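Architecture and fold: a report
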Amino acid sequence: MELEPQFNWSRYLDLADYEQTFPTAAVDQSEMDWITQLRSKDMNFTRSEKGILYGAVVTWQNPVDKSDRRSIYFYVTKEKLITIGLSDSIVSLVAPYSPAHPFAAFYTILALQLNTYFAGIDQFETELFSRQDELRGSINEDSLDSIFALRDTIENWSDLIVPFQELVMAGEESFLDEDAYLEDLSLKLATKRVRRLLMLIEHYQKDIEVLLDLSTTVSNFRGNEIMKALTIFTAVATPTMALGAIWGMNFKIMPELEWKYGYALSLGLIFLSTCGIFYWMRWRGWLGALVRMPKNSRPKK
């Protein structure tokens, strides 16, 4: 890649590759602080000083194991740019933008890195819409697991994008006295892409919350209906159990045992009392929507 001669861009594969330059390179205090923090931190961090911006930004992390991640380390001043761990594909895309200074080169890198996330967000959108269509037809015991999986994925995207938003703000803070920097196309492009990604993430987070609320509501409804069914069954069966318990006693003197039609009368009493309770509850409107679940069939389009 051909760079403008006004500044120096030093690129390294990893931290060990960078540290090999220490014996011959003059390192100022802020750069030494940067490398010291890189040795002790494996996460996002941004430090903003007057005319200096340095830190690390995670560009990919495993949603399941967030300790599995890839990062870019950066050190930006008005005269030089140092990057560690930057992929060759991103570097090759910087050249057409012809950055004239380290600030422009760095925010071009950020804008290009952000651009790679839209494909993943689009893939997530497809998965989300597919899940919404499935849940519209049927919500079952596996629905919460699938919704939580979607929420974990979008939270992972949020964890990736928010540090880029901090970098946009930190760059404006570090080079506040450089009006040309703040009007640079690279900063504007990075800012717009951050806002666009965060807008999409916020929208999808709301969609997931709606799905979660719907699933929770249906689960609570089903639980209430089941408890209602058990309560109604207990109430309706009470005469049978009560009268059966009475006539199941083993007392020696029980006049009903001598009745000629005692058996028929007892059955009739049980039947009438059971029906009476059932129709009384129906008249009160307590039997409505008893364990009636949403239909599994999809709506016609």
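Preceding this section is the structure that the text describes.
Residues numbered from 1 in each chain as written. Predicted model: local features only at pLDDT ≥ 70, side-chain atom pairs only at ≥ 80, totals over all residues. Heavy atoms only, no water.

**Overview of the nonpolar core**
Counting 51 residues, the largest nonpolar core has W9, L53, F106, Y107, F124, W157 and I161 as the members making the most contacts within it. Elements that contribute at least two residues to this core include exactly β3 (52–61), β4 (69–77), α3 (88–94), α4 (102–115), α5 (117–137), α6 (143–174) and α8 (185–247). The leading source of residues in this core is α8, at eleven residues. Non-local contacts of F106, meaning those with residues more than four positions away in its chain, are made with L53, F74, V76, L81 and L167. Judged by nonpolar contacts, the second largest core, of 14 residues, contains W34, I35, L38 and Y73. (Core = buried A, V, L, I, M, F, W, Y, C linked by side-chain atoms within 4.5 Å. Buried < 20%, exposed > 50% of the residue type's maximum accessible area, 1.4 Å probe, protein only. Helix = DSSP H or I, 4+ residues; strand = E, 2+ residues; numbered from the N terminus. Contact = heavy atoms within 4.5 Å.)

**Describing the packing of aromatic side chains**
Taken as a whole, this structure holds 14 aromatic pairs when the rule is applied. Ring centres of W34 and Y75 lie 5.5 Å apart, and the angle between their planes is 35°; on these two criteria the pair is classed as tilted. Taken together, the residues W34 in helix α2 (residues 29–40) and Y75 in strand β4 connect sequence positions 41 residues apart. Judged by its relative accessible area of 0%, Y75 is buried. Following the ring pairs from residue to residue traces out a cluster consisting of F74, F103, F106, Y107, F175 and Y181. Geometry around W9 places R11 over its ring, the cationic atom sitting 4.9 Å from the centre. The residue whose ring lies beneath R196 is F118, and the NZ or CZ to ring-centre distance is 3.9 Å. (Phe/Tyr/Trp six-rings, centres within 6.5 Å; stacked < 30°, edge-to-face > 60°. Lys NZ or Arg CZ within 6 Å of the ring centre and 35° of its normal.)

**Section: the pairing of β4**
The buried fraction of β4 is high, at seven of nine residues. Note: β3 against β4, nine bridges, orientation antiparallel. Following the sheet pairing, V57 is matched in β4 by I72. Across four bridges, the pairing between β4 and strand β5 (residues 80–84) is antiparallel. In the strand pairing of β5, F74 is matched with T83. Taken together, β4 and the strand that follows it, β5, pair antiparallel across an intervening segment of two residues. (Pairing = 2+ DSSP bridges.)

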